[in-house]
Amino acid sequence: MKIQIINGPNLNLLGVREKDIYGSLSFDEYFLKLKTKFKNIELFNYQSNIEGELINKIQDVGFDFDGIILNAAAYTHTSIGIADSIRGITSPVIEVHISNTKSREDFRKKSFISPHAKGVIQGFGLYGYDLAILSFLND
Ligand code: DQA
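Everything numeric in this text was worked out from a predicted model, so none of it was measured. (Residues numbered from 1 in each chain as written. Predicted model: local features only at pLDDT ≥ 70, side-chain atom pairs only at ≥ 80, totals over all residues. Heavy atoms only, no water.)

Draft legend 1. A look at the overall build of the protein chain. Across its full length, the protein chain carries five helices and five strands. Beginning at the N terminus, the succession of helices and strands in the protein chain can be written as β-α-α-β-α-β-α-β-β-α. Computed over the C-alpha atoms, the radius of gyration of the protein chain is 14 Å, within 12% of the 14 Å expected from 2.2 N^0.38 for a compact globule of 139 residues. In terms of overall dimensions, the protein chain has C-alpha extents of about 35 × 35 × 25 Å along its principal axes. Counting the 139 residues in the protein chain, one finds 47% classified as buried. In the protein chain, of all internal contacts separated by at least 6 residues, the share reaching a separation of at least 24 is 76%. Taken as a whole, the protein chain presents about 7,000 Å² of accessible surface, with 51% of it coming from carbon and sulfur. Both charge centroids of the protein chain, one from 15 positive and one from 16 negative side chains, sit 4 Å from each other. (Helix = DSSP H or I, 4+ residues; strand = E, 2+ residues; numbered from the N terminus. Rg over C-alpha atoms; globule rule 2.2 N^0.38 Å. Buried < 20%, exposed > 50% of the residue type's maximum accessible area, 1.4 Å probe, protein only. Contact = heavy atoms within 4.5 Å. Areas by Shrake-Rupley, 256 points an atom, 1.4 Å probe, with all protein chains shown as cover. Lys, Arg positive; Asp, Glu negative; His and termini not counted. Charge placed at Lys NZ, Arg CZ, Asp CG, Glu CD.)

What follows is the structure in structure tokens.
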């Protein structure tokens with residue numbers, strides 16, 4: 001099974017940025033744990049701060065991989081381009097957010113991704129990525 005994690009803008013600053021909301025672990029540290037935990041899966045990790053690069057990655061893997069775990073971060077709330085790219089591919093996409101966006105500012109309550117995602121996991125910290133993998137494994 002091949003699963004691609006795609007993280008959007010500012011998620012390269014996990015462990016540094018707003019630790020009260022996003023925790024003190026960097027994504028690289030967490031990803032190492034994830035790979036150890038799910039040894040039987042081919043797990044890939046990609047991050048970009050640039051909208052078009054996220055779309056390119058979604059298109060690159062979206063016809064071949066068994067699943068995409070997408071945290072589009074702030075682009076979740078703004079990007080019709082990313083939403084359209086998910087509509088255009090065949091791999092299922094699970095939307096993940098570290099924080100519970102529904103309990104935060106109003107502008108975070110809108111997601112352009114959710115209508116096209118297989119499901120949404122949010123508010124469980126980095127464990128949300130574990131949950132997304134477990135859900136793909138359960139299919
Ligand atoms: C986030 C929530 C977004 O609203 C925010 O812009 C992020 C991270 C999350 O994982 O909780 O950068 O996607």
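Let's pick the thread back up.
Draft legend 2. Structural detail: helix H5 (residues 127–137). Those residues of H5 not exposed but buried are Gly 128, Tyr 129, Asp 130, Ala 132, Ile 133 and Phe 136. On its buried face, H5 is in contact with strand E1 (2–7), helix H2 (27–37), strand E2 (42–47), strand E3 (67–71), strand E4 (93–97) and strand E5 (119–122).

Draft legend 3. Spotlight on the side chain of Asp 130. Summarising the element assignment, Asp 130 is placed in helix H5. The contact partners of Asp 130, leaving out residues within four places of it in the chain, are Tyr 30, Leu 34, Lys 37 and Phe 38.

Draft legend 4. Region of the structure containing the sheet that holds E3. Spatially, E2-E1-E3-E4-E5 is the arrangement adopted by the five strands of the open sheet, whose pairing is parallel. Since the sheet does not close on itself, it has two edges, and those belong to E2 and E5, each with one partner. Averaged over all pairs of adjacent strands, the angle between strand axes in this sheet comes to 20°, irrespective of strand direction. Two elements, E4 and E5, share four bridges in a ladder whose sense is parallel. Bridge pairing in E5 links Glu 95 to Val 120. (Pairing = 2+ DSSP bridges. Axes fitted to C-alpha atoms, helices over the stretch in contact; angles between N-to-C directions.)

Draft legend 5. Local environment of unusual backbone geometry. Non-glycine residue Glu 18 carries a positive phi angle of around 35°. Counting through the fold element by element, Glu 18 comes out in the loop between E1 and helix H1 (19–22). On the accessibility criterion, Glu 18 (39% relative accessible area) is partly exposed. In this structure, Ala 73 is a non-glycine residue whose phi angle is positive, near 50°.

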